[in-house]
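Listed below are the residues making up each chain.
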Amino acid sequence: EVKLLESGGGLVQPGGSMRLSCAASGFTFTDFYMNWIRQPAGKAPEWLGFIRNKANGYTTEYNPSVKGRFTISRDNTQNMLYLQMNTLRAEDTATYYCARTITTVVGWYFDFWGPGTMVTVSS
Amino acid sequence: DIQMTQSPASLSASLGETVTIQCQASEDIYSGLAWYQQKPGKSPQLLIYGASSLQDGVPSRFSGSGSGTQYSLKISSMQTEDEGVYFCQQGLKYPFTFGSGTKLEIK
């Protein structure tokens, strides 16, 4: 059974940093692109970026809205995905999800999501 | 970025009724579209990908269609468990983008 479980959320002051983690199990972690997606309360999800699989060299792509502030990494020995967030702003307040990608001939989609971890940026 | 516009923003349907939700992309996305269902306090669940392919385990009353910039999700016979918010997502170009959502309730 595929499982994803995020951790590390909480309250952080504006300008601060936070690292989120996602523990993956139930599938061959290195075979899949992995994503971070966030969703402010009552709003649509926003894709933040992904890190590719082993076959594609574990390279990354980011949404321009967070590029330069957020960094996605993975520890393939521990089946862990990470999101390092720096210079946090109030508008970064959201539930943060890790999600697995399915890659098809007609695009990339998210077939499994964790339950999410909430991040609140406030003084 | 590709903008995704969903309609309606909300609707209510009776049990057994057919429901249709629309999604329009700001440019041709060549069937690179997915639909998700989200229930309160839960993460989104993939229903349809590639515009019309049903994800494993999703009931056959859900179907997707469309091409170019116009896509739709149809629920052929509304059930109580279908209440929730539905999002479309384009998976063709970075950054992947979502529609603003359609809240579906039982009438």
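Before reading further, recall that the structure is shown in the block above.
In this text, all values refer to a predicted model and were calculated from it rather than measured experimentally.

Draft legend 1. Molecular detail of the pairing of strand β4 (residues 34-39) of chain A. Residue and element names in this part refer to chain A. For β4, the tally of buried residues reaches 6 of 6 residues, placing the bulk of the element in the interior. Here β4 shows a buried face lined by Met34, Trp36 and Arg38 and a second buried face lined by Asn35, Ile37 and Gln39. The sheet contact formed by β4 and strand β5 (residues 46-51) spans 5 bridges and is antiparallel. Its bridge partner lying in β5, methionine 34 is registered against isoleucine 51. Counting the residues between successive antiparallel strands, the hairpin from β4 to β5 contains 6 residues, one of them, glycine 42, with a positive phi of roughly 75°. Direction of pairing for β4 relative to strand β9 (residues 94-104): antiparallel, over a ladder of 6 bridges.

Draft legend 2. Representation of the pattern of salt bridges within the structure. Taken as a whole, this structure holds 9 salt bridges over all chains when the rule is applied. As a salt-bridge pair, B:Lys93 and B:Glu27 come within 2.6 Å of each other at their nearest N and O atoms. One end of the pair, B:Lys93, is in the loop between β9 (84-90) and β10 (97-98); the other, B:Glu27, is in the loop between β3 (19-25) and β4 (33-38), and 66 residues separate them in sequence. When its relative accessible area of 30% is taken as the criterion, B:Glu27 is described as partly exposed. Here the salt bridges do not stand alone but share partners, grouping A:Arg38, A:Glu46, A:Arg69 and A:Asp92 into one network.

Draft legend 3. Quick look at the state of the cysteines. Per the counting criterion, the structure on display carries 2 disulfides over all chains. One disulfide in the model links A:Cys22 with A:Cys98; its S-S distance is 2.0 Å. Here A:Cys22 and A:Cys98 share a disulfide; its torsion about the S-S bond, 45°, makes the bridge right-handed. Linking A:Cys22 in strand β3 (residues 18-25) with A:Cys98 in strand β9, this pair joins segments that are 76 residues apart in sequence. The residues A:Cys22 and A:Cys98 share a single accessibility class, namely buried. What pairs with B:Cys23 in a disulfide is B:Cys88, and their sulfur atoms sit 2.0 Å apart. Taking the sign of the torsion about the S-S bond as the criterion, the disulfide between B:Cys23 and B:Cys88, at about 65°, is right-handed.

Draft legend 4. A look at the packing of aromatic side chains. Under the definition given, this model contains 21 aromatic pairs over all chains. Both rings, one in A:Phe50 and one in B:Phe96, keep their centres 6.0 Å apart while their planes meet at 45°; by these two values the pair is tilted. Of this pair, A:Phe50 sits in strand β5 while B:Phe96 is found in the loop between β9 and β10, placing the two residues in two different chains. No difference in accessibility class separates A:Phe50 from B:Phe96, as the two residues are buried. Their ring planes at 80° and their centres at 5.4 Å tell us that B:Tyr94 and B:Phe96 sit as a pair that is edge-to-face. Here B:Phe96 falls in the buried class, since its relative accessible area comes to 1%.

About the thresholds
Residues numbered from 1 in each chain as written. Chains lettered and ligands numbered in written order. Predicted model: local features only at pLDDT ≥ 70, side-chain atom pairs only at ≥ 80, totals over all residues. Heavy atoms only, no water. Buried < 20%, exposed > 50% of the residue type's maximum accessible area, 1.4 Å probe, protein only. Helix = DSSP H or I, 4+ residues; strand = E, 2+ residues; numbered from the N terminus. Pairing = 2+ DSSP bridges. Salt bridge = Lys/Arg side-chain N within 4 Å of Asp/Glu carboxyl O. Disulfide = S-S within 2.5 Å. Phe/Tyr/Trp six-rings, centres within 6.5 Å; stacked < 30°, edge-to-face > 60°.

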